[in-house]
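# Descriptive structure summary
For reference, the chains in residue letters:
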Amino acid sequence: MPLNLLWLGLTLLGALQTQAQTHSPTLIPAPPLLRVPLQPDFQDDKFQGKWYVIGLAGNAVEKKEQGQFKMYTTTYELKEDGSYNVTSTLLQEDGKCSYWIRTFVPSFQPGQFNLGNIKNFPGLQSYTVRVTATNYNQFAIVFFKKVSKNGEYFKTTLYGRTKELTPELKERFIRFAKSLGLSDHIIFPVPIDRCIDD
């Protein structure tokens, strides 16, 4: 069962990866990490806690998913070694709650992380997480890049401490997603209560 949840989580990054491969065989290439901003003076203790996924954009995200993709949460729990235990909570189609748990290990720059225990994910070559902007108590924009034997997938998420953010913050996220070439790959998950408010 835990392995199934890990794979469920990996599909979050691909956001229906097989559909994308079938319908758009050429994925938008991932930008070099040097082109992706990094939150200056990142403060790991302030970043921890629960975040709602307000916006999502990625090279395997289809705009037609708008209205079908349900909001989920991701909780970052800081450990003594500076890494995070990260738990995403999702509502499955059958109405059950599922949890995807992984570890993000600090990289050479504050605010950038790699997936811990990557050997547990067959076919995954690298998984990088980069906090591009946050004010810690309201919003965060986070960039994810996954390289696997099936290709390079990347996404950016707009996190909120609450389920609603200001139009200005949503617009900032849209501008960032468009700067990555994702103009037609931006969705805003439907807010829900089940599972994510427990």
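Our subject in this report is the structure included herewith. As the structure is a computational prediction, the values presented were derived from the model and not from experiment. (Residues numbered from 1 in each chain as written. Predicted model: local features only at pLDDT ≥ 70, side-chain atom pairs only at ≥ 80, totals over all residues. Heavy atoms only, no water.)

We now examine the overall build of the chain. Within the chain, the regular secondary structure consists of four helices and nine strands. Put simply, the chain runs from its N terminus to its C terminus through helices and strands in the order α-α-α-β-β-β-β-β-β-β-β-α-β. Of the accessible surface of the chain, which amounts to about 9,800 Å², a share of 53% is contributed by carbon and sulfur atoms. (Helix = DSSP H or I, 4+ residues; strand = E, 2+ residues; numbered from the N terminus. Areas by Shrake-Rupley, 256 points an atom, 1.4 Å probe, with all protein chains shown as cover.)

The next thing to look at is the nonpolar core. Core analysis: the largest hydrophobic core is formed by 27 residues, its most contacted members being F47, Y76, F104 and Y159. When residues of this core are traced back to their parent elements, those giving at least two are β1 (49–58), β3 (84–91), β4 (97–106), β5 (112–115), β6 (124–134) and β7 (139–148). Tallying contributions element by element places β6 first for this core, with four residues. Core analysis: the next-biggest nonpolar cluster, separate from the first, contains 23 residues, Y52, F139, I141 and L182 among them. (Core = buried A, V, L, I, M, F, W, Y, C linked by side-chain atoms within 4.5 Å. Buried < 20%, exposed > 50% of the residue type's maximum accessible area, 1.4 Å probe, protein only.)

Turning our attention to the state of the cysteines. Per the counting criterion, the structure on display carries one disulfide. In this model C97 forms its disulfide with C195; the gap between the sulfur atoms is 2.0 Å. Residues C97 and C195 are joined by a disulfide whose S-S torsion is about -90 degrees; by sign, that bridge is left-handed. Taken together, the residues span a long stretch of sequence, with C97 in strand β4 and C195 in the segment after β9 (186–187) at a distance of 98 residues. A residue is classified by how much of its surface remains accessible, and C97, at 26% relative accessible area, is partly exposed. (Disulfide = S-S within 2.5 Å.)

Before going further, it helps to spend a moment on the packing of aromatic side chains. Per the counting criterion, the structure on display carries 16 aromatic pairs. The interplanar angle of 70 degrees and the centroid separation of 6.2 Å between the aromatic rings of F173 and F188 together place this pair among those described as edge-to-face. In this pair, F173 is assigned in helix α4 (residues 167–179) and F188 in the segment after β9, connecting sequence segments 15 residues apart. Judged by relative accessible area, F188 falls into the partly exposed class, the value being 22%. Taken together, the ring pairs connect F42, F47, W51, Y76, Y84, F104, F113, Y127, Y136, F144 and Y159 into an aromatic cluster. Across from the ring centre of W100, 3.5 Å away, lies the NZ or CZ of R102, which sits over that ring. The ring of F188 has K170 sitting right over it, with the charged end atom 5.4 Å from the ring centre. (Phe/Tyr/Trp six-rings, centres within 6.5 Å; stacked < 30°, edge-to-face > 60°. Lys NZ or Arg CZ within 6 Å of the ring centre and 35° of its normal.)

Moving on to the pattern of salt bridges. Applying the stated criterion across every chain, the model contains two salt bridges. Close ionic contact of K163 with D197 constitutes a salt bridge, the shortest N to O distance being 2.6 Å. A residue pair is termed long-range when its members are at least 10 positions apart, and K163 in the loop between β8 (151–160) and α4 and D197 in the segment after β9 qualify at 34 residues. Several salt bridges converge on common partners, so that one network encompasses K163, D193 and D197. (Salt bridge = Lys/Arg side-chain N within 4 Å of Asp/Glu carboxyl O.)

Next up on the list: α4. For α4, which comprises 13 residues, the first-to-last C-alpha distance of 18 Å matches the rise-based estimate of 18 Å (1.5 Å per residue) to within 8%. Of the positions making up α4, those classed as buried are L169, F173, I174, F176 and A177. An end-on view of α4 places all buried positions within 165 degrees of arc, on one side of the element. For α4, the exposed residues lying more than 90 degrees away from the buried face are P167 and E168. Those residues of α4 that are buried are in contact with β1, β6, β7, β8 and β9. One or two positions beyond α4, positive phi appears at G181, with a value near 85 degrees. (Expected span 1.5 Å × (residues − 1). Arc of directions from axis to C-beta. Contact = heavy atoms within 4.5 Å.)

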